[in-house]
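Structural overview for review
Listed below, chain by chain, are the residues.
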Amino acid sequence: MNTINTHTTNIHEMIEIMIELFKRCHMDTPGFHLYQNAASNLDIVEVLVQIAKENKDDPEVLKMAFKVIGQMGFSNQGTSSKTANTISLVNFVVDILADTSVSAKIKKNAIYSVANAVANSWDDHPRLVVIIPYLVQFLESDFDNELCIQCVLTLGNFAYNQKSHKFLLEAGALKSLAKVVAKGDANLLPTSAAIAIANLAGSSGHSLSQTMPSLSSNETVMNLVRNAFESTLNKQDYPPGSSIFYSDWKLAIGLANLATCEEGRRALHKADITPLLGRALSQSHDPRLVGPVLQTLWLLCDEKKNNSKQSNEQK
């Protein structure tokens, strides 16, 4: 693997090397994890941050540096954790997000540089939650679709981790994600926003009606989450043709969170989620999936018992 010497390599050569490194770390390359690990062990993230800082006025250098760092963490918890623990990167990303003179495209790539760390290394979320207020701010401003999409995806990955909910709620993420669902624009990934809402609304004490006052919007959230879960069990993308594949166990966490509140349980019953939960148990023994599925079934069963008891008392 070529190395980058920031003192003797010109800008064009740097970009060419970064493009090659990006390709080597991409999932289409056989053994891409080996390249990711090798780059991480060589502290390439630190080198790329240094290059980006020294060439902050060159958008192409910034874009490629952030893209390579992000790709190094794809489907790799080890490299993702190391990325999250590279303080110089996190601080630089925050500087970029806070700088009003930086373009939306560069901000999007800056978020991507830590997005896989958010997705893969939940223990490192305390170092990364500092970017959450900026993600919410960009969603609220709604001035660039690609930036908003990256924000939705990253907020969604934060929302899977209950320990990050406090920071998401304080930043107003529920309101911003609800707006994405209400717009109904498929390009803005409303399914990802709906799954994040399910996680946050269920675990925070907020009801769906508080989050999204419109009944039709509540039903939209539930239908999106249910359909995504069914497609995941079928090993299909959702929406169909989108090439977006969700993890079954992560969606199950959202369902379990929804089931913790009465309104969520009613919505799950209405969506006829029980047969899908049964399918999930029959198809997989992954404890990450089985745990939240059993929790959801238990809560739904308990809800039915309570409703039946109340009905008998009223007779």
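Everything below is about the structure printed above this text.
This report concerns the structure included in the present document.

How each quantity is defined
Residues numbered from 1 in each chain as written. Predicted model: local features only at pLDDT ≥ 70, side-chain atom pairs only at ≥ 80, totals over all residues. Heavy atoms only, no water. Phe/Tyr/Trp six-rings, centres within 6.5 Å; stacked < 30°, edge-to-face > 60°. Helix = DSSP H or I, 4+ residues; strand = E, 2+ residues; numbered from the N terminus. Lys NZ or Arg CZ within 6 Å of the ring centre and 35° of its normal. Polar contact = N/O pair within 3.5 Å; in protein donor to acceptor, adjacent residues only side chain to side chain. Buried < 20%, exposed > 50% of the residue type's maximum accessible area, 1.4 Å probe, protein only. Arc of directions from axis to C-beta. Contact = heavy atoms within 4.5 Å. Core = buried A, V, L, I, M, F, W, Y, C linked by side-chain atoms within 4.5 Å.

Notes on the packing of aromatic side chains
For the structure shown, the criterion picks out 3 aromatic pairs. Ring centres of F32 and F74 lie 6.2 Å apart, and the angle between their planes is 45°; on these two criteria the pair is classed as tilted. One end of the pair, F32, is in helix α2 (residues 32-41); the other, F74, is in the loop between α4 (59-72) and α5 (77-84), with 42 residues separating them in the sequence. Positioned above the aromatic ring of F22 is the side chain of K67, whose terminal nitrogen or guanidinium carbon lies 5.0 Å from the ring centre. We note K166 situated over the ring of F167; from NZ or CZ to the ring centre the distance is 4.9 Å.

A look at the side chain of T154
Along the chain, T154 turns up in helix α10 (residues 145-159). Within the structure, the side chain of T154 is placed 2.8 Å from the backbone oxygen of Q150, a separation counted as a polar contact.

A short note on α2
Within α2, burial applies to F32, Q36, A39 and S40. On an axial view of α2, the arc spanned by its buried residues comes to 100°, and they lie on one face. Turned more than 90 degrees off the buried face of α2, the exposed positions are L34 and N41. Its buried side turned inward, α2 meets α1 (11-24), α3 (44-54), α4 and α5. Looking at the residues trailing α2, positive phi occurs at D43, about 55°.

Things to note about the nonpolar core
Ranked by size, the top nonpolar core spans 97 residues in total, and within it M18, F66, F158, L177 and F229 carry the most contacts. Look past the residues within four positions of L177 in its chain and what remains in contact with it is L139, L155, A193, A196, I197 and L200.

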